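# Structural characterization, general
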Amino acid sequence: MDLTKATLLSATLASLLQPASAALVFMDDFSTTGQSDDVNFQYTAGRQTGDVGNLQYRQGNGALAGTITGTIANEAANGFKTQIGNAGGPGTLWVVGGNPAQAVGSVSPEHNFTESGGVGGYLSISFTLDPVTGSAGTSGDWGAITLGAGDNASFGASGSGARGQGIISSAAHFGILFRDNGQFQAFDGSAQVGGAVYDATPATPTSHTIELRITGVGDGNPWDGSGDALIDVYADGGASPFYSFTKTGGYTSNYLTLQGFGGGSGNTISQFDNLRVETVPEPSAGLLAGVVLAGALVRRRR
């Protein structure tokens, strides 16, 4: 094979072997020019990107296993518990739990994230989390995310969906909490389905990158109530999930909620950053063709 042909083949293989690119659905880096008790402060000022555009959040607080009341309005006027742009955590979202004890703070973006990666792909939900700011990695308090929930527009008793509700609400959803001490617990509705260690050596600051990958088993869509939904959970860039759960029958909605919990009488701050949702398709046909072509080339040269 002459040099020209070899160079051309190399360039062709490089092109074919490029992985399929992810599509950004939503991203919020929580960057603001100042501090506010309203999570929606400057939400249209460039802090958000993605195909679904700018999203407001519903915010509230309430009981761990009970109902949570909330609104889109400025939480300072309603006693809810969020803060953005604090000097102690610039460019981040604080979700406050505790005071009173066992209280949960919640925020939920105004979008039903039923996008999917199709057959062979997945929906990725990722964020950075410090479960308890300023702690030495010994607290049992936590930050959490719930997904697969139905709408509960009022965050109150009149709604039937788990959106915005305590992580052990009986309504259909998946929830996973990350304790400051390195432990986690996972829930299917009100039933605990997992719990162990996601960080064996927590230290200050206990900041982690968390990613959930949701795959529709069978038809590629975990949100159509057909087939199962596989949820793989990763921490800190690990190559393998530290926890996996399969929801038989999948889900019919996918409202997301971020939560912070404080078990004591004072406030506990869970710090979130870089909330990102994207669809990741299966490897492209070009990738598979490239592998076949490479194999044929090796056999020919032999």
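For the structure, see preceding data.
The structure displayed is predicted, hence computed values, not measured ones. (Residues numbered from 1 in each chain as written. Predicted model: local features only at pLDDT ≥ 70, side-chain atom pairs only at ≥ 80, totals over all residues. Heavy atoms only, no water.)

## Overview of the pattern of salt bridges
Counting across every chain of the model gives seven salt bridges. With a closest N to O distance of 2.1 Å, Glu-110 and Arg-163 form a salt bridge. Taken as a pair, Glu-110 in the loop between strand E7 (103–109) and strand E8 (122–130) and Arg-163 in the loop between strand E9 (142–149) and strand E10 (174–179) lie far apart in primary sequence, 53 residues in all. By relative accessible area, Glu-110 is classed as partly exposed at 29%. Residue class for Arg-163 comes out buried when judged on its relative accessible area of 2%. One continuous salt-bridge network, built from bridges that share partners, spans Arg-58, Glu-110, Asp-151 and Arg-163. (Salt bridge = Lys/Arg side-chain N within 4 Å of Asp/Glu carboxyl O. Helix = DSSP H or I, 4+ residues; strand = E, 2+ residues; numbered from the N terminus. Buried < 20%, exposed > 50% of the residue type's maximum accessible area, 1.4 Å probe, protein only.)

## Some thoughts on the pairing of strand E14 (residues 228–235)
For E14, a buried count of six out of eight residues is recorded, marking the element as mostly surrounded by other parts of the structure. With eight bridges connecting them, strand E13 (residues 208–217) and E14 associate as antiparallel partners. Following the sheet pairing, Thr-215 is matched in E14 by Leu-230. Where E14 meets strand E15 (residues 243–247), five bridges bridge the pair, whose relative direction is antiparallel. Bridge assignment links Leu-230 to a residue of E15, and that residue is Thr-246. (Pairing = 2+ DSSP bridges.)

## Re the pairing of E10
In terms of burial, E10 is a largely internal element, five of the six residues being buried. Sheet topology places E10 next to strand E11 (residues 183–188); five bridges connect them, and they run antiparallel. Counted as the bridge partner of Ile-176 is Ala-186 from E11. Hairpin geometry of E10 and E11 is characterised by an intervening segment of three residues between the two adjacent antiparallel strands and by a positive phi of about 95 degrees at Gly-182.

## Quick word on the packing of aromatic side chains
Scanning the model with the defined rule gives 11 aromatic pairs in all. Pairing Phe-178 with Phe-242 gives two aromatic rings, centres 6.4 Å apart and planes at 75 degrees, and the pair type is edge-to-face. Residue Phe-178 is found in strand E10, and its partner Phe-242 is found in the loop between E14 and E15; the two are separated by 64 residues along the sequence. Measuring from centroid to centroid gives 6.2 Å for Tyr-198 and Phe-242, while their planes differ by 35 degrees, and the two rings are tilted. With a gap of 44 residues between them, Tyr-198 in the loop between strand E12 (191–197) and E13 and Phe-242 in the loop between E14 and E15 connect regions that are remote in the sequence. On the basis of relative accessibility, which here comes to 9%, the residue Tyr-198 falls in the buried class. What makes Phe-242 partly exposed here is its relative accessible area of 25%. Through successive ring pairs, a cluster of aromatic residues spans Phe-178, Phe-184, Tyr-198, Phe-242 and Tyr-243. One cation-aromatic arrangement involves Arg-213 over Tyr-234; the distance from NZ or CZ to the ring centre is 4.3 Å. (Phe/Tyr/Trp six-rings, centres within 6.5 Å; stacked < 30°, edge-to-face > 60°. Lys NZ or Arg CZ within 6 Å of the ring centre and 35° of its normal.)

## As for the sheet that holds strand E3 (residues 57–63)
Spatially, the eight strands line up as an open sheet ordered E4-E3-E7-E16-E9-E10-E11-E12, and their pairing is antiparallel. Only two strands of the sheet have a single partner each, and these edge strands are strand E4 (68–71) and E12. Here the strands of the sheet are splayed against their neighbours by 20 degrees on average, with no regard to which way each runs. Alignment of E11 against E12, held across six bridges, turns out to be antiparallel. Paired with Phe-187 across the strands is Gln-192, a residue of E12. (Axes fitted to C-alpha atoms, helices over the stretch in contact; angles between N-to-C directions.)

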